[in-house]
Amino acid sequence: MKIFMHYLRRASLDPIGLLIFILLPVALVFLNVEINVATSHEIRGQAVATNVVLMIMLMFQLMSGSYISEYICLDLKGATRWRLLAAPVSLNKYLFSAMFASLFFSLLTGAIVLTLGYFIYDVYMGNIVIIIAAMLLTALFGQFLGIILALLVDKSGTCTAVHLGISWGIFILSGFFGGITLPVVGDVFTTYGTPFSAAIRAVMHSGVGLAVFEGGEFVYASFDNADAILSLGVLAGFVAVTGVAAVIIGRRRPI
Amino acid sequence: MKNVVKRYGDLTALDHLDLEINEGEILGLLGPNGAGKTTAIRSLIGLIEIDSGEISVFGEKQGVNNVKIKKEMGIVTQEITVFTELSAGENLRYFGALYGLRGKELDDNVKRVLEFIGLTEHAKKRPKKFSGGMQRRLNIGCALVHRPRLLIMDEPTVGIDPQSRNHILESVKKIAQGGTTVIYTTHYMEEVQAICGRISIMDAGRVIADGTLDELVGKIAHEDTVRLTAAAPSDALTEEIRAISGVKSVVANAGEYVIISGADSGNLNRIMEIAMRHGGVSNITSDKPNLEDVFLTLTGKKLRDTNEGGGES
Ligand SMILES: Nc1ncnc2c1ncn2[C@@H]1O[C@H](COP(=O)(O)OP(=O)(O)OP(=O)(O)O)[C@@H](O)[C@H]1O
Ligand SMILES: [Mg+2]
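Reading guide: rules and limits
- Residues numbered from 1 in each chain as written.
- Chains lettered and ligands numbered in written order.
- Predicted model: local features only at pLDDT ≥ 70, side-chain atom pairs only at ≥ 80, totals over all residues.
- Helix = DSSP H or I, 4+ residues; strand = E, 2+ residues; numbered from the N terminus.
- Buried ≥ 20, exposed ≤ 12 C-beta atoms within 10 Å, placed from the backbone.
- Contact = placed C-beta atoms within 7 Å.
- Pairing = 2+ DSSP bridges.
- Axes fitted to C-alpha atoms, helices over the stretch in contact; angles between N-to-C directions.
- Core = buried A, V, L, I, M, F, W, Y, C linked by C-beta atoms within 7 Å.
- Near = placed C-beta within 6 Å.
- Nonpolar A, V, L, I, M, F, W, Y, C, P; charged D, E, K, R; others polar.
- Domains from an automatic or database assignment.
- pLDDT = per-residue confidence, 0-100.
- Parallel < 35°, antiparallel > 145°, perpendicular 65-115°, else oblique.
- Left-handed = near helix turned anticlockwise from the far one by under 90°.

(A) Structural context of the overall build of chain B. A count of helical and extended segments in chain B gives 11 helices and 15 strands. Taken over the C-alpha atoms alone, chain B extends approximately 75 × 45 × 35 Å along its principal axes. When each of the 313 residues of chain B is scored for burial, the buried share is 41%. Within chain B, counting contacts between residues at least 6 apart in sequence, those at least 24 apart form 70% of the total.

Laid out in structure tokens, this is it:
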């Protein structure tokens, strides 16, 4: 607990981190919603806001896993490693404490974005349990990705850069900039084929994305909980695979 | 530590190392860069696996992750390993907490250490704003909060001004007076001479000599050290001096010669005479050997490279 708090405190003292992972998503939500609402012909503010808020929330879950790689590189790779391991605390305890702190921070970002969206833009949450599950799983995937990168790359700056690169690769693949249909695999990636698309799909199918504009107001008519849960299952699969990969790489190439 | 071997690939970092520390003493571990001091320390704390040999601490067998032993040891790393985003006080608290200290016990010990390292007034400041000496002191303090029975200091004074260094050396003495056993690693002779009861000299992964300062110097007491600055140093000069009977070693470093020779052999005159023929002498002294000379005699190497030119010959 002491160690977990230590990492939380350090994360909270990092001005650039706070800027990027708390302020930036909030700013992006405002910006996107305002621009989209202003330029759209029909007044679909709520639907636009719902999409923007949930999308940005999930994106930052994936990216904020770069915290953990930074702490691994700083504390468990350089000279500090020897001092920390000389204490009667195991490597795994440091690792998990740092990971949970990083996860906590990630979920805090998510919670802030969702809360703001809910109160300011009246974002429709669909099935909140599914949204929270998607958030948690995406964040976990980001953590495992961060751990794997820290195991393979020595410099924390490089880790962060690669982490962001992979995250954006996933966004693009998921059809973030318009759907892409690739030969052979078809639209796999834009549906369930990446952790991000699976997360989005789960959220959308929990009710959010299926809103219909009827008689001057939205009707969230067709829920597809089965598809939502299937998407969550796929996402959980991604998490499990990266988790196992992290353990295997950790065994082969210990920090 | 008995017969400890540690290899990194082809490199044997510890080569059948034997090292003994008695409770309550300050043991100086002296050796040049790459001698294996840090590796010896890491094995002693149980941070790295050793290839063979035996290590026991407080009468118990040491291995990787022997938590019980770790609790009673403190380590001051060679590099400054404090968290720059936390204040001095917070750093101390964290390290105390890692060793299981809580509540009032933690508060009291943090206060005690802050006073001891002279940073009480700076407790709320971050180490980023500290001078090199203050950072070093904090680095040491972080190993003291849990009152270790054995304190291991790996070159704790690297790169600081003489005043801070003296402050640190005094502190180490005080720590030992309080009953803590200390292993003090360094490549500064003066430091071990000033504070250590016993000295182990390491080179190339083994202990090559060990004893009190007097014992070590006694080993070569029947020898004189001649220091000479030649006006025109040359290989021929080195060779001629080396050829004098009774001369045990000649180390030339950019015109500075350190010559160990049998005492009272009249060699001083011979050395002078040869040097005069080779272009003259700008400075010459002869005295009884010190610890540096012990090292020089045993290894034929200087403990620290004062500059890259010359080197051993
Ligand atoms: N992890 C490692 N992998 C490979 N070689 C290593 C490793 N750690 C140390 N060595 C090598 O082992 C030898 C002993 O190193 P060590 O750090 O113990 O020396 P040292 O006496 O502490 O030197 P210094 O005064 O420079 O700190 C060196 O040649 C070093 O290059
Ligand atoms: Mg060292």
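(B) Highlighting the overall build of chain A. For chain A, the helix and strand inventory stands at 11 helices and 2 strands. Traced from its N-terminal end to its C-terminal end, chain A shows the element sequence α-α-α-α-α-α-α-α-α-α-β-β-α. Counting only residues that meet the buried cut, chain A has 45% of its 255 residues in that class. For chain A, the share of sequence-separated contacts (at least 6 apart) that also reach a separation of at least 24 residues comes to 77%.

(C) The sheet that holds strand S15 (residues 281-287) of chain B, seen in detail. All names here are of chain B. An order of S13-S14-S12-S15 is seen for the 4 strands of this open sheet, with the pairing classed as antiparallel. Of all the strands in the sheet, the pair left with one neighbour each is strand S13 (247-253) and S15. Strand-to-strand twist of the sheet, defined as the mean angle between neighbouring strand axes without regard to direction, takes the value 15°. Pairing of strand S12 (residues 223-230) with strand S14 (residues 256-262), which is carried by 7 bridges, proceeds in the antiparallel orientation. Counterpart to Glu223 in the pairing with S14 is Gly262.

(D) The nonpolar core, seen in detail. Among the nonpolar cores identified, the biggest contains 83 residues, and Ile152 and Tyr184 of chain B are the most heavily contacted of them. Considering every element that reaches this core, the biggest residue donor is helix H3 (residues 88-98) of chain B, with 6 residues. Not counting residues up to four positions away in its chain, the partners in contact with Tyr184 of chain B are Ile26, Leu27, Gly28, Leu29, Met153, Val172, Val192, Ile195 and Cys196 of chain B. Counting 68 residues, the second-largest nonpolar core is a separate cluster that includes Val113, Val123, Leu140 and Ala228 of chain A.

(E) Region of interest: the site of ligand 1. All names here are of chain B. The environment of ligand 1 is formed by 13 residues, the closest being Tyr8, Ala13, Lys37, Thr38 and Thr39. When contributions to the shell around ligand 1 are tallied by element, the ones reaching two or more residues are strand S2 (11-17) and helix H1 (37-45). Looking at the shell around ligand 1, the element that brings in the most residues is H1, giving 3 residues. The class makeup of the residues in the shell around ligand 1 is 4 nonpolar, 8 polar and 1 charged.

(F) A look at the domain arrangement of chain B. Residues and elements named next belong to chain B. Here the domain parsing of chain B yields domain 1 (2-216) and domain 2 (220-299). Each of domain 1 and domain 2 was reduced to a C-alpha centroid, and the two centroids are 37 Å apart. Listed as interface residues are 9 residues of domain 1 and, on the opposing side, 6 residues of domain 2. Of all elements in the fold, only helix H7 (189-195), strand S10 (198-203), strand S11 (206-211) and helix H8 (213-219) reach the threshold of two or more residues within the side of domain 1 that touches domain 2. Here the side of domain 1 that touches domain 2 takes 3 residues from H7, the largest share from any one element.

(G) View of the interface of chain B and chain A. Between chain B and chain A, the residue contacts involve 18 residues of the former and 15 residues of the latter. Split into classes, the residues belonging to the side of chain B that touches chain A amount to 10 nonpolar, 3 polar and 5 charged.

(H) Structural detail: unusual backbone geometry. Residue and element names in this part refer to chain B. Here Glu155, not a glycine, exhibits a phi torsion of approximately 45°, which is positive. Within the fold, Glu155 resides in the loop between strand S8 (150-154) and helix H6 (162-177). Judged by C-beta crowding, with 19 C-beta atoms within 10 Å, Glu155 ranks as partly exposed. For Ala254, which is not glycine, the phi dihedral falls at a positive 45°. Taking the number of C-beta atoms within 10 Å as the measure of exposure, Ala254 has 14 and is therefore partly exposed.

(I) Quick peek at the pairing of S14 of chain B. All names here are of chain B. Sheet topology places S13 next to S14; 6 bridges connect them, and they run antiparallel. Looking at the pairing, Asn253 lines up with Glu256 of S14. Here S13 folds back onto S14 in antiparallel fashion, the turn holding 2 residues, of which Ala254 has a positive phi close to 45°.

(J) Region of the structure containing the confidence of the model for chain B. Residue and element names in this part refer to chain B. Looking at chain B as a whole, the pLDDT averages 87, with 95% of positions reaching at least 70. In the model of chain B, helix H11 (residues 291-299) stands out as the element of lowest mean pLDDT, 76, in contrast to H3, which has the highest, 97. Throughout residues 306-313 the model reports pLDDT below 50, and contacts reaching past four residues in sequence, or to other chains, amount to 14 contacts.

(K) View of H1 of chain B. Along H1 of chain B, 8 of the 9 residues are buried, which leaves the element largely enclosed by surrounding structure. Just downstream of H1 of chain B lies Gly46 of chain B, where phi reads positive at about 85°.

(L) How the structure looks around the packing of helix H7 (residues 128-152) of chain A against helix H11 (residues 225-252) of chain A. Residues and elements named next belong to chain A. The geometry of H7 relative to H11 is characterised by a closest axis approach of 9 Å and an angle of 20° between their N-to-C directions. Between H7 and H11, the crossing angle belongs to the class labelled roughly parallel. The two elements H7 and H11 cross, and the hand of that crossing is left-handed. Residue-level inspection shows Ile130, Ala133, Ala134, Leu137, Leu140, Phe141, Phe144, Leu145, Ile147, Ile148, Leu151 and Leu152 of H7 in contact with H11, the latter providing Ala228, Leu232, Leu235, Ala236, Phe238, Val239, Thr242, Gly243, Ala245, Ala246, Ile249 and Gly250. Considered class by class, the residues forming the contact of H7 with H11 number 21 nonpolar, 3 polar and no charged.

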